[in-house]
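Spelled out, the chains give:
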Amino acid sequence: QEKALDKLAKQVKIDGFRKGHVPKQMVKARLGKGTILEEATDMILQQNYSGILLDNDIRPVGQPEVKIDEISEDVLKLTVTAPVAPEVQLGQYKGLEVKKTQVKVTKKEIEAELKNYQNQFAELVIKEDGQVENGDTAVIDFEGFKDGVAFEGGKGENHPLEIGSGSFIPGFEEQMIGMKKGETRDLNLTFPENYGVADLAGADVIFQVTVHHIASKVQAQLDEEFVKSFQMPDVETVEDFKKKVRESLENQNAQTLRAEKENKVLGVLIENSDVEVDEADIQKALDQHVQYVSNELAGQGMALEQYLQMMGMDMDALHAQLMPAAKQQAIFEAIIDEIIRVENLMTSDEDVDRQVDLMSQQYQMDKKDILEKIDLEGLRRDLNRIQASQLILNSAKFIME
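Because the structure is predicted, anything quoted here is derived from the model rather than measured.

A. Inspection of the packing of aromatic side chains at higher detail. Evaluation of the coordinates by the stated rule reveals 16 aromatic pairs. Between Y117 and F241 the ring centres are 5.2 Å apart and the planes differ by 70 degrees, which places this aromatic pair in the edge-to-face class. Of this pair, Y117 sits in helix α4 (residues 107-120) while F241 is found in helix α7 (residues 238-272), placing the two residues 124 residues apart along the sequence. Members of the aromatic cluster, connected to one another through ring pairs, are F142, F151, F168, F172, F191, Y195 and F207.

B. Inspection of the nonpolar core at higher detail. Counting residues in each nonpolar core, the largest one holds 34 residues, and the members touching the most others are L304 and I335. Within the residue set of this core, elements represented by two or more residues are α7, α8 (279-299), α9 (304-310), α10 (315-343) and α13 (376-395). The element best represented in this core is α10, accounting for 10 residues. Ignoring anything within four residues of it in the chain, the contact list for I335 reads V88, L90, L269, I270, S273 and V275. Core analysis: the next-biggest nonpolar cluster, separate from the first, contains 20 residues, A138, L161, I163 and M176 among them.

C. A look at α8. Here α8 is 21 residues long and its end C-alpha atoms lie 30 Å apart, about the 30 Å a rise of 1.5 Å per residue gives. Those residues of α8 that fall on the buried side of the exposure criterion are I282, A285, L286, H289, V290, V293 and L297. Take α8 and look down its axis: the buried residues cluster within an arc of 140 degrees, on one side only. Among the exposed residues of α8, those oriented more than 90 degrees off its buried face are A280, Y292, A298 and G299. Against the buried residues of α8 lie α9 and α10. Capping of α8 at its N-terminal end is provided by D278; its side-chain oxygen lies 3.2 Å from the backbone amide nitrogen of A280. Backbone geometry just after α8 places G301 at a positive phi near 80 degrees.

D. Fine view of the packing of α10 against α13. Running from N to C, α10 and α13 point in directions that differ by 85 degrees, and their axes come no closer than 9 Å. By the angle between their directions, the pair α10 and α13 is classed as roughly perpendicular. Across from F332, E333, I336, D337, I339, I340 and E343 in α10, the residues of α13 making contact are N384, R385, A388, S389, L391 and I392.

E. Structural detail: the packing of α7 against α10. Where α7 contacts α10, the axes come no closer than 10 Å and their chain directions differ by 75 degrees. For the element pair α7 / α10, the angle class is roughly perpendicular. Counting all contacts with α7, which are made through L266, L269 and I270, the residues of α10 involved are Q328, I331, F332, I335 and I339. Classifying every residue of the contact of α7 with α10 by side-chain character gives 7 nonpolar, 1 polar and no charged.

F. Fine view of the pattern of salt bridges. All chains considered together, the criterion is met by 21 salt bridges. Across the pair K94 and E343 runs a salt bridge, and its minimum N-O distance is 3.0 Å. Here K94 is found in the loop between β3 (87-89) and β4 (97-100), whereas its partner E343 is found in helix α10, with 249 residues between them in sequence. Here K94 falls in the partly exposed class, since its relative accessible area comes to 42%. Look at E343 and you get partly exposed, because its relative accessible area is 23%.

G. Representation of unusual backbone geometry within the structure. Despite not being glycine, D57 has its phi angle at roughly 55 degrees, a positive value. Here D57 shows up in the loop between α3 (33-55) and β1 (65-71). Note on D57: relative accessible area 66%, which makes it exposed. Phi at N344 takes a positive value of approximately 55 degrees, unusual for a residue other than glycine. By the element assignment, N344 lies in the loop between α10 and α11 (349-362).

H. Expanded view of a nonpolar patch on the surface. Taken together, the side chains of I44, V66, I68, I71, L76 and V80 define a hydrophobic patch exposed on the protein surface, amounting to about 430 Å² of accessible area. Every element with two or more residues in the nonpolar patch is listed here: β1 and β2 (76-81). At 3 residues, β1 tops the list of elements feeding residues into the nonpolar patch.

Rules and cut-offs
Residues numbered from 1 in each chain as written. Predicted model: local features only at pLDDT ≥ 70, side-chain atom pairs only at ≥ 80, totals over all residues. Heavy atoms only, no water. Phe/Tyr/Trp six-rings, centres within 6.5 Å; stacked < 30°, edge-to-face > 60°. Helix = DSSP H or I, 4+ residues; strand = E, 2+ residues; numbered from the N terminus. Core = buried A, V, L, I, M, F, W, Y, C linked by side-chain atoms within 4.5 Å. Buried < 20%, exposed > 50% of the residue type's maximum accessible area, 1.4 Å probe, protein only. Contact = heavy atoms within 4.5 Å. Expected span 1.5 Å × (residues − 1). Arc of directions from axis to C-beta. Polar contact = N/O pair within 3.5 Å; in protein donor to acceptor, adjacent residues only side chain to side chain. Axes fitted to C-alpha atoms, helices over the stretch in contact; angles between N-to-C directions. Parallel < 35°, antiparallel > 145°, perpendicular 65-115°, else oblique. Nonpolar A, V, L, I, M, F, W, Y, C, P; charged D, E, K, R; others polar. Salt bridge = Lys/Arg side-chain N within 4 Å of Asp/Glu carboxyl O. Patch = residues over 30% accessible without salt bridge, like charges linked within 9 Å, V, L, I, M, F, W, Y side chains within 5 Å. Areas by Shrake-Rupley, 256 points an atom, 1.4 Å probe, with all protein chains shown as cover.

Structure follows, in structure tokens:
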């Protein structure tokens, strides 16, 4: 308490006295006993907290909470609660053996990809006669009625609709097949049970549709003029183009196999270890998953609430859907953090600084602004986890099936 009073006396300002020269009794009277006891408690914690943790082999992973049970000028009793790393009994994590598949790019896959290119750049040719067929694009007017009354959002004019695209509710495009230019037809349809508008979910409706124009898709010719239009390096002939397509498919396969191998290693790693994660760790992982989904939707111009309504879900249903992945993430992070401790892995300050430089370039932001926005210790933890993950993967043995 004397040390706390000395410290506080240097900060107190009272008229008639220079700062730091106020008599202690006056400081004590001005601040009150409670303030001095609070400052003394903070000083005791600062001096003893780390030592208590070390003496008892406690490894906190977050900020502590302090509960004062009793405090007076003679007695201080308090309880400190800190989140600690989950209990982990590590199993084998080096030299893990997992089976991997080897998928070769087939001639059929290459031909299908070439067809995709040809369809992507196909031309639409107006059909003066004939009927709507699957694959055609029809320009239509439409209006929807429920119980004979037009409903909101169910009307459109001069709307181009590709038949077979699945853009409209089930049955809409299928029932248009066979229609002719200028024809009007009533389509008897039912909205899906999980449709985002409650009044229409599962409802029987009639759409009145009029066809103005019908256009068929004419596939682009796979010739030198077509392949040169992509302006790909070293692509002059159709054979060059096929080679590029093969390389692209092989790269996609390689990425898929890499992800498959990593997932298999993760599965074996979890099976080999005994981990007890508490609800707080799982909730933290769940919050991260929800935030990821929200960010992905925002990138598509959709709010999470809109998505849930469209899918006929609420937040509880989303949590239930994401919970298995969140629990696996919490378990994996506990194992990885234990491996970091056992292997004594530590990302250097230079590596952290280098990562900040990369983030500055990637987001085209000043380094100072990046440092203000990120948690450096959180970044170091993530880089430590990457080190540990690479240690596991690099030592793993992949056996061909």
